[in-house]
Amino acid sequence: MTRPKVAIIGAGQVGATTAWNLARTNLADIALVDIVEGLAQGKALDMMHASALEHLTVTVEGSTDYAAIRESRIVVVTAGLARKPGMTREDLLKANAEIVRPIVEQVVRHAPQAILIMVTNPLDVMTYLAYTATGWERSRVLGMAGVLDGARFAYGIAQRLGVAPDQVAPMVLGTHGDTMVCLPRHTTVNGKRLTDLLPPDDVAALVQRTRDAGAEIVALLKAGSAFYAPGSSVVAMVRAILQNAQTAMTASAILTGEYGCHGIALGVPVRLGATGLAEIIQIDLTSEERQALQAAAATVQSGLQALGLVGAKKS
Ligand code: APR
């Protein structure tokens, strides 16, 4: 059986960390592409040098040439600028749109059957941009954010309650940004609702820290943004697709009426499998939660407007 290939565009902090995490699953050969001559090649070779130590059976190939991504089952796009202290993800909008658009064109050319996972920020806008630029069905264009935001929420809750983080089943929707929608009512710890375990003020503090988690790391690092947890989050999505796991998680998906939204990408609960997006899961929301999601949708909409992408594609 031939091994699947996963391409990762951008061999910076997030791209290289994703490649390294993925390589150690031995699930797929990896093509790592970066515009900077030698960067992807050097990092790929460094990973390959660890083969004996890490029992790697897969290959990691670095390149500046998009021909390296041909026949990839999945293409992960991490290329772009990362935030600097004080910058919002929206500040990155136009600069990253200019980087991402030609990359997506190369993906269409060299890996026309692939499933695309966008990571470049602002995530939800970039996911919709990729959807319009590819012309692909929506099942093949996804964005990674909900897994990461959920993992951050789970970590905070676990710290507060003194339980293991994997005993928390988080639910975080909306944008990967200030209009993130943490749903404490739908977040459970060993089957119990978070809202039954902690008083509202404590829950609100955990929600706020999750929303600010990316900025907290940017402020600490002073140069660059998070990459370890983002790398693990991408691998969770890649694994679900390669193994046709049908796993429920949150991802940025193109909405065609779900949750009252149309013509945008937004973080919603989904099931992922071999064809990419298998289902958008509809969960019940209170009117307050629905309003929060509408506010998130409005942020994405204004980003799309700034890029002239509103109504760019019929769905
Ligand atoms: N083609 C290929 N690679 C590119 C291109 C391009 N046109 N433009 C930039 N790159 C590469 C850079 O050379 C760099 O190696 O993208 C990489 C980005 O890496 P970092 O600067 O380390 O940024 P990183 O922390 O990985 O974040 C990348 O992911 O989480 C998001 O907000 C983050 O948008 C940012 C992206």
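The model shown is predicted, which means the values in this text are computed figures rather than measured ones. (Residues numbered from 1 in each chain as written. Predicted model: local features only at pLDDT ≥ 70, side-chain atom pairs only at ≥ 80, totals over all residues. Heavy atoms only, no water.)

## Observations regarding the domain arrangement of the chain
You'll often see interface size given as the accessible area lost when the parts meet.
Step number 1: Each assigned domain of the chain is listed with its residue range as follows: domain 1 (5-143) and domain 2 (146-306).
Step number 2: Centre-to-centre separation of domain 1 and domain 2, based on C-alpha positions: 21 Å.
Step number 3: Listed as interface residues are 37 residues of domain 1 and, on the opposing side, 48 residues of domain 2.
Step number 4: In this assembly, domain 1 and domain 2 are joined by 8 residue pairs in polar contact (both at pLDDT 80 or more).
Step number 5: When contributions to the side of domain 1 that touches domain 2 are tallied by element, the ones reaching two or more residues are α1 (13-23), β4 (74-77), α4 (93-110), β5 (115-118), α5 (123-134) and β6 (141-143).
Step number 6: Its residues assigned to classes, the side of domain 1 that touches domain 2 shows 19 nonpolar, 9 polar and 9 charged. (Domains from an automatic or database assignment. Contact = heavy atoms within 4.5 Å. Polar contact = N/O pair within 3.5 Å; in protein donor to acceptor, adjacent residues only side chain to side chain. Helix = DSSP H or I, 4+ residues; strand = E, 2+ residues; numbered from the N terminus. Nonpolar A, V, L, I, M, F, W, Y, C, P; charged D, E, K, R; others polar.)

## Quick look at the site of the ligand
Step number 1: Neighbouring the ligand are 20 residues; Gln13, Val14, Asp34, Leu81 and Asn121 lie closest to it.
Step number 2: The separation between an oxygen atom of the ligand and a polar main-chain atom of Gly12 is 3.5 Å.
Step number 3: The separation between an oxygen atom of the ligand and a polar side-chain atom of Asn121 is 2.9 Å.
Step number 4: Isolated, the ligand exposes 730 Å² of accessible area, and the fraction of that covered by the protein chains is 83%.
Step number 5: For the ligand, the cavity whose grid points lie within 2 Å of the majority of its atoms is the largest pocket. (Near = heavy atom within 4 Å. Areas by Shrake-Rupley, 256 points an atom, 1.4 Å probe, with all protein chains shown as cover. 1 Å grid on protein atoms, 1.4 Å probe; cavity = no way out; pocket = protein on both sides within 12 Å on 5 of 7 lines; lining within 4 Å. Sits in = over half its atoms within 2 Å of the grid points.)

## Considering the environment of Ile280
Step number 1: In this fold, Ile280 is placed in strand β14 (residues 276-280).
Step number 2: We classify Ile280 as buried; its relative accessible area is 11%.
Step number 3: The spatial distance from the C-alpha of Ile280 to the C-alpha of Leu255 is 8.7 Å, given a sequence separation of 25 residues.
Step number 4: When neighbours within four sequence positions are excluded, Ile280 is seen to be in contact with Arg138, Ala253, Ile254, Leu255, Glu258, Tyr259, Val268, Pro269 and Val270. (Buried < 20%, exposed > 50% of the residue type's maximum accessible area, 1.4 Å probe, protein only.)

## Topic: empty space enclosed by the protein
Step number 1: This model, assessed by the stated rule, comprises 2 cavities of 30 Å³ or more.
Step number 2: Computed from the structure, the largest cavity encloses a volume of approximately 60 Å³.
Step number 3: Arg89, Glu90, Pro122, Leu123, Asp124, Val125, Thr175, His176, Thr299 and Val300 together form the lining of the largest cavity.
Step number 4: Of all the secondary structure elements, the ones that give two or more residues to the lining of the largest cavity are α5 and α10 (287-306). (Points joined across faces, edges and corners; volume = space filled by probe spheres on them.)

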